[in-house]
Amino acid sequence: MNTFIKIANLSLIILFPIAWFAPMLRAGFMPFFFGLDEISVITGLQSLWESDVFLALLVTFFAIFAPYMKTIGLALIHFKLLHRKVLPVLHLLGKLAMADIFLIALYLVVGKGIGVGQIETAWGLYLFTGCILASLAISFASERKRTAP
């Protein structure tokens, strides 16, 4: 089990960047005429940086830095390069990383509720959500290992 947790966590170091660039949503005002534009975490952040720098900083922290710092921190703990007392801080980072999943879901509900255009989910949304949930599961498994006799 210990080796599985290490490998799963290390795979997140590769999967998170793929999820950031993967299409999460396809949106368009008049999809019959113009097609749907694909939106990823990175393209969303690029748009935010142009319009609202403060919000862009928050979303960048929640979507990129929080989950990645947590994954790297867990890897350091698994390889005994960081003390296990840091786990509560890593749990907090994991909870912060879930905030962006909520925001994406909220945007989907609002976008579909307005009825102007079309919004579709894409495979990147599922990959990104899976990475966050896997990170939480790895964190809980690491915590249980710490408290086990």
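All of these numbers come straight from a predicted model, not from anything done at the bench.

Caption draft 1: Structural context of the overall build of the protein. On a plain count of helices and strands, the protein comes out with six helices and three strands. When the helices and strands of the protein are read in sequence order from the N terminus, they spell out α-β-α-β-α-α-α-β-α. Within the span of the protein, comprising 149 residues, buried residues form 38% of the whole. Sequence separation of 24 or more characterises 66% of the internal contacts of the protein that already satisfy a separation of 6 or more. A total of about 8900 Å² of accessible surface is found on the protein, and carbon and sulfur atoms cover 74% of it.

Caption draft 2: The arrangement of the sheet that holds strand β2 (residues 37-39) in detail. As summarised here, the arrangement of the three strands in space is β2-β1-β3, forming an open sheet in which the pairing is antiparallel. The sheet is open, and its two borders are formed by β2 and β3 (118-121), each paired with just one other strand. In this sheet, adjacent strand axes meet at a mean angle of 25° when their direction is disregarded. As paired strands, strand β1 (residues 25-28) and β2 are joined by three bridges and run antiparallel to one another. Bridge assignment links Arg-26 to a residue of β2, and that residue is Glu-38.

Caption draft 3: Examining a nonpolar patch on the surface more closely. Among the surface-exposed residues, Leu-10, Ile-72, Leu-76, Phe-79, Leu-81 and Leu-82 lie close enough to one another that they form a single nonpolar patch of about 500 Å² accessible area. Looking at Phe-79, the relative accessible area reads 42%, which means it is partly exposed.

Caption draft 4: Broad picture of the nonpolar core. Counting 28 residues, the largest nonpolar core has Phe-16, Trp-20, Val-41, Ile-64 and Phe-128 as its most contacted members. By residue number, the principal contributor to this core is helix α4 (residues 53-78), which donates seven residues. Apart from residues no more than four positions distant in its own chain, Ile-64 is found in contact with Trp-20, Val-41, Ile-42, Leu-45 and Val-59.

Caption draft 5: Structural context of the packing of helix α3 (residues 41-51) against α4. Running from amino to carboxyl end, α3 crosses α4 at an angle of 155°, the nearest separation of the two axes being 7 Å. Taken as axis vectors, α3 and α4 run roughly antiparallel relative to one another. In the packing of α3 onto α4, the handedness of the crossing is left-handed. On the side of α3, the interface is formed by Val-41, Ile-42, Leu-45, Leu-48, Trp-49 and Ser-51, while α4 contributes Val-53, Leu-55, Ala-56, Leu-57, Val-59, Thr-60, Ala-63 and Ile-64. Within the contact of α3 with α4, the residues separate by chemical class into twelve nonpolar, two polar and no charged.

Caption draft 6: Representation of the pairing of β1 within the structure. Pairing of β1 with β3, which is carried by four bridges, proceeds in the antiparallel orientation. Residue Gly-28 lies in a different strand from β3, and its bridge partner there is Gln-118.

Caption draft 7: Structural detail: α4. In a regular helix each residue adds 1.5 Å, so 26 residues correspond to 38 Å; α4 covers 36 Å between its end C-alpha atoms and thus fits that length. Its maximal kink placed at Phe-61, α4 deviates by approximately 40°. Structurally, the start of α4 carries an N-cap: the backbone nitrogen of Phe-54 is 3.4 Å from a side-chain oxygen of Asp-52. The positive-phi residue at the C-terminal boundary of α4 is Lys-80, with phi of around 60°.

Parameters and conventions
- Residues numbered from 1 in each chain as written.
- Predicted model: local features only at pLDDT ≥ 70, side-chain atom pairs only at ≥ 80, totals over all residues.
- Heavy atoms only, no water.
- Helix = DSSP H or I, 4+ residues; strand = E, 2+ residues; numbered from the N terminus.
- Buried < 20%, exposed > 50% of the residue type's maximum accessible area, 1.4 Å probe, protein only.
- Contact = heavy atoms within 4.5 Å.
- Areas by Shrake-Rupley, 256 points an atom, 1.4 Å probe, with all protein chains shown as cover.
- Pairing = 2+ DSSP bridges.
- Axes fitted to C-alpha atoms, helices over the stretch in contact; angles between N-to-C directions.
- Patch = residues over 30% accessible without salt bridge, like charges linked within 9 Å, V, L, I, M, F, W, Y side chains within 5 Å.
- Salt bridge = Lys/Arg side-chain N within 4 Å of Asp/Glu carboxyl O.
- Core = buried A, V, L, I, M, F, W, Y, C linked by side-chain atoms within 4.5 Å.
- Parallel < 35°, antiparallel > 145°, perpendicular 65-115°, else oblique.
- Left-handed = near helix turned anticlockwise from the far one by under 90°.
- Nonpolar A, V, L, I, M, F, W, Y, C, P; charged D, E, K, R; others polar.
- Expected span 1.5 Å × (residues − 1).
- Bend = angle between axes of the 7 residues up to and from the residue.
- Polar contact = N/O pair within 3.5 Å; in protein donor to acceptor, adjacent residues only side chain to side chain.

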